[in-house]
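What follows is the residue order along each chain.
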Amino acid sequence: MINANRMKHPLRWLPVAASGLCVAAPDLAARQQDIGDTWISHPEFEIGEGPTGTGPAAFGIINTVQLIGDSLLLVTEPLDFRVTIWTPGGRLVAQVGGPGEGPGEFSWTMSVGVHREEFYVIDAVRFTSFSHAGELLGTTPFPPPSLSFRGFGLSPEALLEDGSVLATPSIPPAALRGLEGDDPIEMAPVFRLAAEGGRWRMDTIAMRDIRNRNLSVMGIHGGQIYGDYDLTFFEPVLGTVVVLRRNLGGGLVELVEINADGDTVLQRRVATSPVTMEQDQLESFIDDLAQQYSKWVPPGSSPPYRALRAAIEEAVYIPNPLPGARMVRGTASGEIWFRAIKGVDSHGLWYAVSRDSTASWLRKVLLPPGFTLTDATETHVWGVRRDELGVQYVVGRRLVPLAAAKESPERR
């Protein structure tokens, strides 16, 4: 793994210990998935008014498009404090939200979660629940701030249908790096928080490897773009957390799904094609980082560019080969999708992993540039398209096997 001084010396390989992820079902085989057919997509649905639009489909910054109910689309725009519900054909069903602290208002739209009959919005202080038709159902306050991990506050991640909450600790970058006097924090828990008899119960259901996540240079904290720390997402309906382990080396990744009782319900390994960063790519990457960090240095304290670049070179972490995945998400299809670190030509490369214990294959999906996947069914991918002006559109694309598309080509 490439780390300090690798520009002057041969590549230094650093040992990576096992993540320590708790597996409560030791007899559950970590079976490796076989890669099946390659799929592409054709455009089919698009909602948006373009750069001159002023109506409800004049979208700002969209952070998610999710399917709810009977094929309705939930669109969240955090900077506009609003959530809209649409049919795939573009008919507005409902609009909820607005800035504020009153019923149905958001102090900050951070994320959404979908239940069988409702959805909720997480803002800065509470969960606000709505029916799939947009009717306000009520609010649920966050667990008390007295609950913490090593003195660090907890960030609610998901409201489960039984009223309990999945949460993770909010650890400042300096504490992660051990810059505040304590040892670096390498593992962080996922908690299930539940109110019982007027008291809160806090159970650890999973552990995440968070090493190699933070890049700290001259007091400026950022993320390790190629760090191999664990990725997670939360499934409110299933009451589970999925942990994607990326530190296994050689392009291998492992998906582990853990329920609210701490039991492992799924474990899959996928061998992606290993990707190695060449020396010229590495130098270009560090140059780009140095340019970015030079803009963030406080006025009057800017170090010489060479010193800043050398500090970045010393602090940056790049495993070799690179991690096998860069993001992971759950989908309406019931599959777990993760994006490979490198695409094919200009297309993004995704893997769709089945939760079916009898399935031994997974889909390999190529998605076009400018399209960001946020949800998928067995037949479509849904997400956001950004045009050359940066305007965003809600988009649905039909999935087609690549072999069939070659036999009957269409506009992609």
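Bear in mind that the values here come from a model prediction, so they are computed numbers and not experimental data.

Trainee: An account of the overall build of the chain is requested, with residue identities and associated values reported.
Mentor: Within the chain, the secondary structure is distributed over four helices and 27 strands. Within the chain, residue pairs in contact and separated by at least 24 positions form 49% of the contacts whose partners lie at least 6 positions apart. Summing over all exposed atoms, the chain offers an accessible surface of approximately 19,100 Å²; the carbon and sulfur share of this is 50%.

Trainee: Help me get a handle on the environment of A174, residues and values and all.
Mentor: Its location among the elements puts A174 in helix α1 (residues 173-176). For the pair formed by A174 and I220, sequence separation is 46 residues and the distance between their alpha carbons is 9.6 Å.

Trainee: Which residues make up the nonpolar core, and what values go with them?
Mentor: Of all hydrophobic cores here, the largest spans 31 residues; its most connected members are F127, L154, I171, L193 and V241. For F127, the contacting residues outside a window of four places in its chain are Y120, V121, I122, G138, T139, T140, F142, P156, A158, L159 and V165. Counting residues in each nonpolar core, the second largest holds 22 residues, with F233, I336, A340 and V353 among its members.

Trainee: Explain the side chain of R245 residue by residue, including any values.
Mentor: Note on placement: R245 falls in strand β18 (residues 240-245). Looking at R245, the relative accessible area reads 10%, which means it is buried. Polar contacts involving the side chain of R245 include one to the side chain of E254, which spans 2.8 Å.

Trainee: For helix α3 (residues 305-315), give the residues involved together with the corresponding values.
Mentor: Within α3, the full set of buried residues consists of L308, R309, I312, E313 and A315. Looking at the buried residues of α3, the elements they touch are β15 (214-217) and α2 (279-296).

Trainee: Quick one: what's the story with the pairing of strand β11 (residues 152-159), residue by residue and with numbers?
Mentor: Looking down a regular strand, the side chains alternate between one sheet face and the other. Most of β11 sits out of view: six of its eight residues are buried. In the sheet, strand β10 (residues 148-149) pairs with β11 via two bridges, with the strands oriented antiparallel. Looking at the pairing, F149 lines up with F152 of β11. The antiparallel hairpin formed by β10 and β11 contains two residues in its connecting segment, where R150 sits at a positive phi of about 55°. By the bridge criterion, five bridges tie β11 to strand β12 (residues 165-169) in an arrangement that is antiparallel. For S155, the partnering residue across the bridge sits in β12 and is T168. In this antiparallel pair of consecutive strands, β11 and β12, the connection spans five residues, and G163 shows a positive phi of 90°.

Trainee: Describe the packing of aromatic side chains, and please don't skip the residues or the numbers.
Mentor: Tallied over the full model, the rule gives 12 aromatic pairs. Considering the side-chain rings of F45 and W382, the 5.4 Å spacing of their centres and the 20° angle between planes classify their relative orientation as stacked. Remark: W382 occurs in strand β26 (residues 380-386) and F45 occurs in strand β1 (residues 31-47); sequence separation between them is 337 residues. Residue F45 is classed as partly exposed on the basis of its relative accessible area, which comes to 24%. Residue classification places W382 among the buried positions, given a relative accessible area of 4%. Measuring from centroid to centroid gives 5.7 Å for F59 and W86, while their planes differ by 70°, and the two rings are edge-to-face.

Trainee: Let's hear about the sheet that holds strand β13 (residues 187-196): which residues, and what values?
Mentor: What the five strands build is an open sheet, ordered β10-β11-β12-β13-β14; its pairing is antiparallel. Both outer strands of the open sheet, β10 and β14 (199-209), are each paired with one neighbouring strand and no more.

Trainee: Would you mind going over α2 in detail, with residue names and values included?
Mentor: Between its terminal C-alpha atoms α2 stretches 26 Å, which fits the 26 Å expected from 18 residues at 1.5 Å a residue. Of the surrounding elements, those touching the buried residues of α2 are β15, β16 (220-223) and α3.

Trainee: Explain the side chain of R82 to me, using residue names and the numbers behind them.
Mentor: Topologically, R82 is positioned in strand β4 (residues 82-86). Here Q95 takes part through its side chain, which lies 2.9 Å from a polar atom of the side chain of R82. If near-sequence neighbours (up to four positions away) are discounted, R82 is found in contact with P56, A58, F59, V75, T76, E77, Q95, V96 and T109.

Trainee: Hey, could you go over the confidence of the model for the chain for me, with residue numbers and the actual values?
Mentor: This prediction gives the chain a mean pLDDT of 88; 89% of its residues lie at or above 70. Confidence drops under pLDDT 50 across residues 4-28; counting only partners more than four residues distant or on other chains, this segment forms 63 contacts.

Trainee: How would you explain the pattern of salt bridges if you had to name every residue and give the values?
Mentor: Overall, the coordinates contain 17 salt bridges when judged by the stated rule. Ionic pairing is found between D203 and R201, a salt bridge with its closest N-O pair at 2.7 Å. A salt bridge links D209 to R211, with the shortest nitrogen-to-oxygen separation between them at 2.6 Å.

Trainee: How would you summarise the environment of P298 if you had to cite specific residues and measurements?
Mentor: Of note, P298 is situated in the loop between α2 and α3. With 78 residues separating them in the primary sequence, P298 and I220 have C-alpha atoms 9.5 Å apart.

Trainee: Run through the sheet that holds strand β6 (residues 111-114), naming residues and quoting values.
Mentor: Sheet architecture is open: four strands sit in the order β6-β7-β8-β9, paired in antiparallel fashion. On the outer flanks of this sheet lie β6 and β9 (136-141), each paired with one strand and no other. For this sheet, the mean inter-axis angle between neighbouring strands, taken without regard to orientation, is 20°. With four bridges joining them, β6 and strand β7 (residues 118-122) adopt antiparallel strand pairing. Pairing of G113 across the sheet is with Y120, part of β7.

Trainee: Describe the packing of α2 against α3, naming the residues involved and giving the relevant values.
Mentor: Running from N to C, α2 and α3 point in directions that differ by 120°, and their axes come no closer than 9 Å. The pairing of α2 with α3 is recorded here as oblique in orientation. Of the two elements, α2 crosses α3, and the hand of that crossing is right-handed. On α3, the residues that touch E283, I286, D287, L289, A290, Q291, Y293 and S294 of α2 are Y305, L308, R309, I312 and E313. Per-class residue counts for the contact of α2 with α3 are seven nonpolar, two polar and four charged.

Procedures and definitions
Residues numbered from 1 in each chain as written. Predicted model: local features only at pLDDT ≥ 70, side-chain atom pairs only at ≥ 80, totals over all residues. Heavy atoms only, no water. Helix = DSSP H or I, 4+ residues; strand = E, 2+ residues; numbered from the N terminus. Contact = heavy atoms within 4.5 Å. Areas by Shrake-Rupley, 256 points an atom, 1.4 Å probe, with all protein chains shown as cover. Core = buried A, V, L, I, M, F, W, Y, C linked by side-chain atoms within 4.5 Å. Buried < 20%, exposed > 50% of the residue type's maximum accessible area, 1.4 Å probe, protein only. Polar contact = N/O pair within 3.5 Å; in protein donor to acceptor, adjacent residues only side chain to side chain. Pairing = 2+ DSSP bridges. Phe/Tyr/Trp six-rings, centres within 6.5 Å; stacked < 30°, edge-to-face > 60°. Expected span 1.5 Å × (residues − 1). pLDDT = per-residue confidence, 0-100. Salt bridge = Lys/Arg side-chain N within 4 Å of Asp/Glu carboxyl O. Axes fitted to C-alpha atoms, helices over the stretch in contact; angles between N-to-C directions. Parallel < 35°, antiparallel > 145°, perpendicular 65-115°, else oblique. Left-handed = near helix turned anticlockwise from the far one by under 90°. Nonpolar A, V, L, I, M, F, W, Y, C, P; charged D, E, K, R; others polar.

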